[in-house]
Amino acid sequence: MSSQLLVLHPAPVPNTNTNTNSNSKTTAPTTPLYQRIFIPTHVYRHPSAILLELCTSMKELHQILPLIIKNGFYNEHLFQTKLVSLFCKYGSISEALRVFEPVEHKLDVLYHTMLKGYAKNSTLGDALSFYHRMKCDEVRPVVYDFTYLLQLCGENLDLKRGREIHGQLITNGYESNLFAMTAVVNLYAKCRQIDDAYKMFERMPKKDLVSWNTLVAGYAQNGFARRAVDLVLQMQEACQKPDSITLVSILPAVADIKALSIGRSIHGYAFRSGFESLVNVATALLDMYFKCGSVRTARLVFKGMSSKNVISWNTMIDGFAQNGESEEAFATFLKMLNEGVEPTNVSMMGALHACANLGDLERGRFVHKLLEQKKLDFDVSVMNSLISMYSKCKRVDIAASVFHNLKAKTNVTWNAMILGYAQNGCVNEALNLFCMMQSQDIKPDSFTLVSVITALADLSVTRQAKWIHGLAIRTSMDKNVFVSTALVDTYAKCGAIRTARKLFDMMQERHVITWNAMIDGYGTHGLGQAALDLFNEMQKGAVKPNDITFLSVISACSHSGFVEEGLYYFESMKENYGLEPAMDHYGAMVDLLGRAGRLDEAWSFIQKMPIKPGITVLGAMLGACRIHKNVKLGENVADKLFELDPDEGGYHVLLANMYASASMWDKVARVRTAMEKKGLQKTPGCSLVELRNEVHTFYSGSTNHPQSKRIYAFLETLGDEIKAAGYVPDTNSIHDVEEDVKEQLLSSHSERLAIAFGLLNTSPGTTIHVRKNLRVCGDCHDATKYISLVTGREIIVRDLRRFHHFKNGSCSCGDYW
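Residues numbered from 1 in each chain as written. Predicted model: local features only at pLDDT ≥ 70, side-chain atom pairs only at ≥ 80, totals over all residues. Heavy atoms only, no water.

Applying the stated criterion to the full structure yields 28 aromatic pairs. Ring geometry for Phe434 versus Trp467: centroids 6.3 Å apart, planes at 75°, classification edge-to-face. Residue Phe434 is located in helix H25 (residues 427–439), and its partner Trp467 is located in helix H27 (residues 462–474); the two are separated by 33 residues in the primary sequence. Taking relative accessible area as the criterion, Trp467 reaches 34% and is therefore assigned partly exposed. By the ring-pair criterion, three or more aromatic residues cluster together here, those being Tyr198, Phe201, Trp212, Tyr219 and Phe224. Lys678 extends its terminal NZ or CZ atom over the ring of Phe642, reaching a point 6.0 Å from the ring centre. (Phe/Tyr/Trp six-rings, centres within 6.5 Å; stacked < 30°, edge-to-face > 60°. Helix = DSSP H or I, 4+ residues; strand = E, 2+ residues; numbered from the N terminus. Buried < 20%, exposed > 50% of the residue type's maximum accessible area, 1.4 Å probe, protein only. Lys NZ or Arg CZ within 6 Å of the ring centre and 35° of its normal.)

Shown next as structure tokens:
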């Protein structure tokens, strides 16, 4: 597509007197039709024909029929044809046939009317069977017979029979007919044969507005948005001025390519031509503005709409939700209800999406109750949204109840429930449901695999990653970009960063989420330079970085101590890419400065933030104060944190640890007393290690494992060996007990128990993989370096924030974490 803007020239102003408000209702007349009119017989030969013309329902048709029979008109061709037409119009093919079949001498027009009825009300097979009967009865088809059949083939996506009808059309000499060839273009476009559609269009000796609109819509609906926009330009060059149908067809294409400037040009044309007042055009403009990220303009367009239908309201609700304005999305949903607009399944899904984004269980339950009242709980798409909403609101138990009570389940239903389990850390439940799905012969799709892979990523078990990767290969889904991206992310989270990069390099297609997964993987493994190199490579390609990309890059800089680089990229995201930093970006910047010991600079950064600092930002600041033992500043930060979230025990523990590092034991006791009064508990340290398809869990100081005695005995021996190699226990964080007890307490930390178990139960040379739910403490980090040295083993520990690769007495983090 050329870089020029789409300039539309004004068309004649359409008649806007027509009431386009879909909410308006027409009251059906109650007086019998034959009493409503009087037509002198000297004026019309058949006054009953006028009665038929005024008929508005099947009920009225049945009222008129006795009059027609009584007056002897039933056997006249005019009435036979009109009756067949009306019965077909009201959807009764059987009654139309009762009129059609007894006619002895059927005129061709009766056949054509009957075929139209089949095309509108029956299956493609029935319509074609009647067409063949027409041929057998030597009825010559007219052009509209072919347009009806071609439309039906297009609706059924039946390309084979559509081509056969196309052939019949040519045989009967209609290959140059404007209406017939427009129907052919529509057929090929609907069947996704857009090249054939264009060839047929080019062969047309004459083209009108309908044929141009058909081709434009075909390209737009088949994903060729830029070509569709180019066609509108060519259309104007051919002296065909776009109408409202053109605009409704092209605006979704503009939205797909996010061409806001072109969309604004089309809006200007719609305004000048009077099309903006049409509800379908205004709704298409709403959708375009939302998808182009221009929420403010969409809001103004909606406010200025003189008439709105439920589709307009749904577009607003979904548009707000998709653009992160979930509060406004739900408020719009409530306003729609207050104005008496009856919600549809799409309305409910938009409201549930907003509740899910907000994590608002109360409002989600309100929508659940409403959809039951409106009898929309039978709609599987709505129920899928309900499952997702409960899952995102951390009530996976209710989501599971909805899932199991749902009789009609689609692949989307299974995927939503598997992903819900994955998002809530219920890995075993997700895997069990996946196995159940397969046992019921329901074939998984790419979204199923992504959901399962997401669950497995939480386990950090390489064997499981290889298993699901193998399944993806066997089901030919390994080339799917989303499946491959999920595998890259999972391998990185399992510690297999080289495998993740190898898979990344093999991918033929990469989305921004693919680059983000790999950059984030490098960052969490402490490979900051590799993350920056990959980001620089990304900037040279066609995929543009997004806000998540920059969050991953800044976090990678933080983990590797690249402070100046992190500062540069933070400024770059706004200046070079127009991306506004969110709370997570500010938190990453505070973490970057704080880890490097630049606490005053980090605190100044917080003071200058354009938004009020949240928990993410202040939590990073408190963590930095603990690392660098700045008690005074840490106390100030903790006070602000407790104002925001007084019931979060983790920050109380962080404050207590900071006091303990400074040997301020009275303040440690004060914090612990405050926690007891509030009922807050410290999250117990927990480490996991896999052995022969079984995951073993260890808690700090626990003795309930079958091999506990053996593990503690081994740790005592191992402790002597690492001391001999130079390890010195750091007991400063423990007080009120003897020195040897302090060392025992340190050696019973969960990661030490897990490492000892792994060493005891694997052969020499095997890498030990451990996952911990908290940050690795300084003493365990130091001890593990020496353990890797004296045992000759590589030990990979994934803690709450990152990976540590211990080998030959050193750690990949360079003691910077």
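Moving on from the model shown.
What you see with strand S4 (residues 795–798) is no split at all: Ile795 and Val797 on one side and Ile796 and Arg798 on the other are buried throughout. Sheet analysis places strand S3 (residues 768–772) next to S4, joined by 4 bridges and oriented parallel. Following the sheet pairing, Arg771 is matched in S4 by Arg798. In this view, the connection linking S3 to its parallel neighbour S4 by way of helix H43 (residues 778–791) has right-handed handedness. (Pairing = 2+ DSSP bridges. Right-handed = clockwise from strand over helix to strand, strands pointing away.)

Another point: the environment of Glu648. Mapped onto the elements, Glu648 comes out in the loop between helix H37 (631–644) and helix H38 (649–661). Looking at Glu648, the relative accessible area reads 32%, which means it is partly exposed. Among the polar contacts listed, one links the side chain of Glu648 to the backbone nitrogen of Gly650, at a separation of 2.9 Å. (Polar contact = N/O pair within 3.5 Å; in protein donor to acceptor, adjacent residues only side chain to side chain.)

We now examine helix H33 (residues 563–575). For H33, spanning 13 residues, the distance from its first C-alpha to its last is 19 Å, which sits close to the expected 18 Å at 1.5 Å a residue. Taken as a whole, H33 has its buried residues at Val563, Gly566, Tyr569, Phe570, Ser572 and Met573. For H33, the elements touching its buried residues are helix H31 (528–540), helix H32 (547–560), helix H34 (583–595) and helix H35 (599–607). (Expected span 1.5 Å × (residues − 1). Contact = heavy atoms within 4.5 Å.)

So, about the pairing of strand S1 (residues 686–691). For S1, a buried count of 5 out of 6 residues is recorded, marking the element as mostly surrounded by other parts of the structure. When S1 meets strand S2 (residues 694–699), the two strands line up antiparallel, connected through 6 bridges. If you follow Leu688 over to S2, its bridge partner there is Thr697. Here S1 folds back onto S2 in antiparallel fashion, the turn holding 2 residues, of which Arg692 has a positive phi close to 50°. Strand direction decides the pairing type here: S1 and S3, joined by 2 bridges, are antiparallel. Paired with Leu688 across the strands is Arg771, a residue of S3.

Of note, Ala430 is situated in helix H25. The class of Ala430 is buried, set by a relative accessible area of 1%. In contact with Ala430, not counting residues within four places along its chain, are Ile418, Tyr421, Ala422 and Ala455.

On to the sheet that holds S4. Taken in spatial order, the 6 strands make up an open sheet running S2-S1-S3-S4-S5-S6, and their pairing is mixed. Edge positions in the sheet fall to S2 and strand S6 (810–811), since each has one partner strand and no second. Most of the contacts of H43 go to strand S5 (residues 803–807), to which it runs at about 40°, and overall it touches S4, S5 and S6. (Axes fitted to C-alpha atoms, helices over the stretch in contact; angles between N-to-C directions.)

With 91% of its residues at a pLDDT of at least 70, the chain reaches an overall mean of 88. Mean pLDDT per element in the chain: helix H1 (residues 33–36) is the minimum at 40, and helix H30 (residues 512–524) is the maximum at 96. (pLDDT = per-residue confidence, 0-100.)

Applying the stated criterion across every chain yields a total of 24 salt bridges. Between Arg163 and Asp196 there is a salt bridge; the shortest N-O distance is 3.1 Å. Note that Arg163 is positioned in helix H9 (residues 159–171) and Asp196 in helix H11 (residues 194–203), a separation of 33 residues in sequence. (Salt bridge = Lys/Arg side-chain N within 4 Å of Asp/Glu carboxyl O.)

Mapping Arg793 onto the fold places it in the loop between H43 and S4. Glu794 provides the closest opposite charge to the buried, unpaired Arg793, separated from it by 10 Å. Reaching out from Arg793, the side chain makes a polar contact with the backbone oxygen of Thr766 at a distance of 3.0 Å. Every residue in contact with Arg793, bar those within four places of it in the chain, is listed here: Gly758, Leu759, Thr762, Ser763, Pro764, Gly765, Thr766, Ile768, Ser788, Phe806 and Lys807. (Lys, Arg positive; Asp, Glu negative; His and termini not counted.)

Our next topic: the nonpolar core. Of all hydrophobic cores here, the largest spans 221 residues; its most connected members are Met114, Ile250, Met288, Phe333, Met417, Leu449 and Met621. When sequence neighbours within four positions are dropped, the list of residues in contact with Met114 reads Val84, Cys88, Ile93, Ala96, Leu97, Phe100 and Phe130. With 27 residues, the next largest nonpolar core counts Leu691, Tyr727, Phe757 and Phe806 among its residues. (Core = buried A, V, L, I, M, F, W, Y, C linked by side-chain atoms within 4.5 Å.)

Looking now at helix H22 (residues 380–392). Helix length check: H22 (13 residues) gives 18 Å between terminal C-alpha atoms against 18 Å at 1.5 Å per residue, within 8%. Every buried residue belonging to H22 is among Val382, Met383, Asn384, Ser385, Leu386, Ile387, Met389, Tyr390 and Ser391, and all of these are buried. Those residues of H22 that are buried are in contact with helix H20 (345–358), helix H21 (361–373), helix H23 (396–405) and helix H24 (411–423). Its side-chain oxygen at 2.9 Å from the backbone nitrogen of Ser381, Asp379 defines the N-terminal cap of H22.

Here the focus is the side chain of Thr332. By secondary structure assignment, the location of Thr332 is in helix H19 (residues 326–338). By relative accessible area, Thr332 is classed as buried at 10%. In this structure Thr332 touches Trp313, Met316, Ile317 and Phe320, once residues within four positions along its chain are discounted.

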